[in-house]
Amino acid sequence: MLEIMLTGHSHYYAVADVLRCFMMSPVEDKEGGRVYCKEAPDIRLRSGVLEDQSTICATSDGTVSYHLPPVTSPVSLSREVKRTVYLALSHITGREAPWGCLTGIRPTIVAGELMDPSKLTEQYFVRPDKAALAVETYVNEQRVQSLIDGDDLNIYVGVPFCPSRCEYCSFVSSDISHHMGRLKEYWDALELEISTAAPRISRRISTLYIGGGTPTVGSDDDTKRLLDIVFGNIKVDKDTEITIEAGRPDTITETKLKYMKQMGITRLCINPQTMNSDTLRSLNRLHSAGDVIRTYDTARETGFDVINMDLIAGLKYEKAAELLKSTERLIELDPANITIHSLYKKRRAGISREDVLANDDDVDRCLTGAHDMLRAAGYIPYYLYRQKDTGHGLENTGFAKPGTECRYNVAMMGDARDVLSFGAGGMSKRVFGQDGNKFRVERCPCIKDVIGYIASSADMAKRKMDFFDIM
Ligand code: SF4
């Protein structure tokens, strides 16, 4: 077991965050005054803040010891604790984390404050290529964000159902494929919520995103019903960016595509995750790489010019280098957007710890290679986020051909624009002080459980009307 004893400070969360960059599942034991990882070599460290506010991190036998000079503000004290713990762990493990001790889901926020990749490296030990990616993405993100008027509203409609559960799925719902028999009740509940709240919206709608799950799940009639609920109640205009996640090619039909086009949907997501059919089968996705290509071609023929395609780096059942082949095949298809995710670490169950560590460098190298291929093909990064347990300590990055960036993604990830969410599990948010550089965000969650949502969507509508002052 590796344990870090805390003395002179209580930044348990910060210490656990850094430890997570090197080991899996750190535990914050506040009663015991420590943070530890059970599955790790037997090492005891002490992380301390001294009276002069300098920070230290050292092994109990003193063989490894780092001491950083004093700081003044509480925010930077937490950062200094992270820096000393990071240096000690990096020394002990012989590894460097791609994002250094810059933890948190939005590294672009810090990148925007510093606006200099070398400072990210100096202050947070971020690897130079990741530091450059963060600053470049921040600049693109700001440009896209400026296209969304602060007075406008962005709307999310969630459909937490899928035809089968992908093995790596980190979706919040307990099992999104087990509730399929409730789909019609879900439409009724969604209609009640949307038809109660949406007519009261007087703000212009900049973006509308129908996400999931897989909103195109079910029959042609199910998709028609969903779109009728949405477009029968929510007033979009010709400039509204409208996205639907038709993520699973096995749910897309020509009839659905035509109706989506007819209703004014401008952006479509067809997500292969990998272009290796064997991997897809092993992951319990019910389609092949060939299905992805056929669906993509049909969507283009139907008139969808902006299509996003997702890939995942570090998938189980395939070598890391498969990501490069998949990226190459997508580039040949020439979609407007390609997003590359890193496998969520918690979903790597079944892979041994040794496999994980041996695999990390390969995945890291292939992700960098895939980014290089995308840049060479004319794509630019425009939004980026990390999950707390993102696999391999890496990140998720949205790439786009310039001018086709998804405004909704930026509105949602940037935490700088209002979002009203309908459907189970959605998170509504209001942003205050949008004209300055600092924002205050208030959030209003919707019940996650599908059955609970079906029983309470009228209450959910009232909760959101209250939240947005549109009672
Ligand atoms: S399509 Fe997405 S939401 Fe649905 S099961 Fe697969 S990973 Fe989960």
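Residues numbered from 1 in each chain as written. Predicted model: local features only at pLDDT ≥ 70, side-chain atom pairs only at ≥ 80, totals over all residues. Heavy atoms only, no water.

Caption draft 1: Structural context of the overall build of the chain. Within the chain, the regular secondary structure consists of 14 helices and 17 strands. Relative to the compact-globule value of 23 Å for 471 residues, the chain shows a C-alpha radius of gyration of 23 Å, a close match. A total of 471 residues make up the chain; the buried ones form 58% of that total. Contacts in the chain between residues far apart in sequence, at least 24 positions, make up 70% of those at least 6 positions apart. Summing over all exposed atoms, the chain offers an accessible surface of approximately 19,400 Å²; the carbon and sulfur share of this is 50%. (Helix = DSSP H or I, 4+ residues; strand = E, 2+ residues; numbered from the N terminus. Rg over C-alpha atoms; globule rule 2.2 N^0.38 Å. Buried < 20%, exposed > 50% of the residue type's maximum accessible area, 1.4 Å probe, protein only. Contact = heavy atoms within 4.5 Å. Areas by Shrake-Rupley, 256 points an atom, 1.4 Å probe, with all protein chains shown as cover.)

Caption draft 2: View of the domain arrangement of the chain. As far as domains go, the chain holds domain 1 (1–95), domain 2 (97–134) and domain 3 (147–464). A straight line from the C-alpha centre of domain 2 to that of domain 3 covers 26 Å. Taken together, both faces of the contact between domain 2 and domain 3 bury some 1,200 Å²; the carbon and sulfur share is 48%. Our count for the contact surface shared by domain 2 and domain 3 stands at three salt bridges. The closest approach of N and O atoms between Lys130 and Glu395, which form a salt bridge, is 2.8 Å. (Domains from an automatic or database assignment. Buried area = accessible area lost by both parts, 1.4 Å probe. Salt bridge = Lys/Arg side-chain N within 4 Å of Asp/Glu carboxyl O.)

Caption draft 3: Just the packing of helix H5 (residues 128–145) against helix H13 (residues 407–414), in detail. Where H5 contacts H13, the two axes come as close as 9 Å, and the packing angle between them is 110°. One way to sum up the angle between H5 and H13 is to call them roughly perpendicular. Contact residues: Glu141, Val144 and Gln145 in H5; Arg407, Val410 and Gly414 in H13. Tallied by class, residues from the contact of H5 with H13 come to two nonpolar, two polar and two charged. (Axes fitted to C-alpha atoms, helices over the stretch in contact; angles between N-to-C directions. Parallel < 35°, antiparallel > 145°, perpendicular 65-115°, else oblique. Nonpolar A, V, L, I, M, F, W, Y, C, P; charged D, E, K, R; others polar.)

Caption draft 4: Looking closely at the pairing of strand S4 (residues 43–49). In terms of burial, S4 is a largely internal element, five of the seven residues being buried. As judged from the six bridges shared by strand S1 (residues 2–7) and S4, these two strands associate in the parallel manner. In the strand pairing of S4, Ile4 is matched with Leu45. The turn linking S4 back onto strand S5 (residues 55–59) is made up of five residues, and Gln53 within it adopts a positive phi angle of 70°. (Pairing = 2+ DSSP bridges.)

Caption draft 5: Quick look at helix H14 (residues 450–467). With 18 residues, H14 should cover 26 Å at 1.5 Å per step; its first-to-last C-alpha distance of 22 Å lies more than 12% under that length. Remark: the principal bend of H14, roughly 75°, maps to Ser456. Turning to H14, its buried residues are Val450, Gly452, Tyr453, Ile454, Ser456, Ser457, Met460, Ala461, Lys464, Met465 and Phe467. One or two positions beyond H14, positive phi appears at Asp469, with a value near 55°. (Expected span 1.5 Å × (residues − 1). Bend = angle between axes of the 7 residues up to and from the residue.)

Caption draft 6: Expanded view of the sheet that holds S4. Reading across the sheet, the six strands line up as S2-S3-S1-S4-S5-S6 and stay open at both edges, with mixed pairing between neighbours. Each edge of the sheet is formed by a strand with only one pairing partner; in this case those strands are strand S2 (27–29) and strand S6 (65–68). Taking each pair of neighbouring strands and ignoring which way they run, the sheet shows an average axis angle of 15°. Strands S1, S2, strand S3 (34–37) and S4 of the sheet are contacted by helix H1 (residues 12–20), whose axis makes an angle of about 20° with S3. Contacts between helix H2 (residues 74–93) and the sheet are confined to S1, S4, S5 and S6, with S5 contributing the most and set at about 25° to the helix.

Caption draft 7: Looking closely at H1. Among the nine residues that make up H1, eight are buried, leaving the element largely enclosed by the rest of the structure. Among the residues making up H1, those that are buried are Tyr12, Ala14, Val15, Ala16, Asp17, Val18, Leu19 and Arg20. Turning to H1, the residues buried within the fold contact S1, S2, S3, S4 and H2.

Caption draft 8: Broad picture of the nonpolar core. Core analysis: the largest hydrophobic core is formed by 72 residues, its most contacted members being Ile155, Val157, Tyr186, Leu190, Ile234, Leu268 and Phe422. In terms of nonpolar packing, the next biggest core, distinct from the first, is built from 39 residues, Phe22, Val81, Cys101 and Leu133 among them. (Core = buried A, V, L, I, M, F, W, Y, C linked by side-chain atoms within 4.5 Å.)

Caption draft 9: Structural detail: the confidence of the model for the chain. Taken as a whole, the chain shows an average pLDDT of 91; of its residues, 94% reach a score of 70 or greater. When the elements of the chain are averaged for pLDDT, helix H12 (residues 353–376) gives the smallest value, 81, and strand S9 (residues 241–245) the largest, 98. Low confidence marks residues 347–355, where pLDDT is under 50. Its contacts with residues over four positions away, or in another chain, come to 16 contacts. (pLDDT = per-residue confidence, 0-100.)

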